[in-house]
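Letter by letter, the chains look like this.
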Amino acid sequence: PRLILATRNQGKISELRAILSDAGLPYELVGADAYPDVPDVKETGVTFAENALLKAHALTVATGLPAIADDSGLCVDVLGGAPGIFSARWAGRHGDDKANLELLLAQLSDIADGHRGAHFACAAALALPDGTEAVVEGRLTGTLRHAPAGSGGFGYDPILQPLGETRTCAELTAAEKNAISHRGQAFRALVPVIRDLLG
Ligand code: ITT
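The name an unreviewed UniProt entry assigns to the protein chain is dITP/XTP pyrophosphatase, from the organism Streptomyces toxytricini. The UniProt entry for the protein chain carries this comment under Subunit (unreviewed entry): "Homodimer." In its Sequence similarities (unreviewed entry) section, the UniProt record describing the protein chain reads: "Belongs to the HAM1 NTPase family."

Right, let's get into the UniProt feature "active site" (unreviewed entry) in the protein chain. Feature annotation in UniProt places "active site" (unreviewed entry) on D71, given in this structure's numbering. Its location among the elements puts D71 in strand β3 (residues 67-76). Taking the number of C-beta atoms within 10 Å as the measure of exposure, D71 has 30 and is therefore buried. Dropping the residues within four chain positions of it, D71 is found in contact with F48, N51, A52, K55, I85 and A123.

Across four bridges, strand β1 (residues 2-5) lies against strand β2 (residues 28-31) in parallel orientation. Pairing of L3 across the sheet is with L29, part of β2.

With 43 residues, the main nonpolar core has A6, A52, A56, I68, A124 and A125 as its most contacted residues. Elements that contribute at least two residues to this core include exactly β1, α1 (10-22), α2 (48-63), β3, β4 (117-127), β5 (133-144) and α5 (182-198). Of all the elements, β4 adds the most residues to this core, at nine residues. Other than its neighbours up to four places away in sequence, A6 contacts A32, K55, A56, A58, L59, A67, I68 and A69.

Criteria and cut-off values
- Residues numbered from 1 in each chain as written.
- Predicted model: local features only at pLDDT ≥ 70, side-chain atom pairs only at ≥ 80, totals over all residues.
- UniProt positions renumbered as here; feature names shortened; annotations may be inferred.
- Helix = DSSP H or I, 4+ residues; strand = E, 2+ residues; numbered from the N terminus.
- Buried ≥ 20, exposed ≤ 12 C-beta atoms within 10 Å, placed from the backbone.
- Contact = placed C-beta atoms within 7 Å.
- Pairing = 2+ DSSP bridges.
- Core = buried A, V, L, I, M, F, W, Y, C linked by C-beta atoms within 7 Å.

Structure follows, in structure tokens:
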């Protein structure tokens, strides 16, 4: 059976494929790009969980197939949790990872080590055509570098150094990142729910 990944973010798609195939889920995973006629849903929620559910339901309603969605972002302690749900468009244009990262680094330029705590958050949602839904969350805590390092991953990975690591997320292998990441935790927690509800 088909399970739709309700996202157009290629970084998420490749991580989700790896996380879900490691978990042995027997579904054909199809990205939202396979349904170009389905418009992007307006992310009007005020939490990661609300937005993940909005995205999953939109694809499920449009296709009649079960869908999973990810809403995620970087929450910076000294910014009171910002960019948070606005992470993908922090510098204005949706999905401009480089501009988002540069703006954030500039905003934090005066913040000294010891005050640069932050975490990635991910809400993983499942929606079924009959309206059934589930959502779980994961987080990855760390500190923010003063300059980017590494070329792996996507988004803010080059500036977040997980607690207990000497490397940034962008310097980890994909498998190392998935093992500890907000997305890995959230979707591994969603797997038994998917099995329960989809069989
Ligand atoms: P979809 O809505 O199509 O899923 P999106 O990129 O708009 O894609 P979000 O609204 O959830 O998704 O925004 C996620 C942003 O948070 C993403 O663009 C990155 O800037 C950041 N982000 C999330 N997970 C990340 C990760 O694992 N590493 C680095 N940055 C991440």
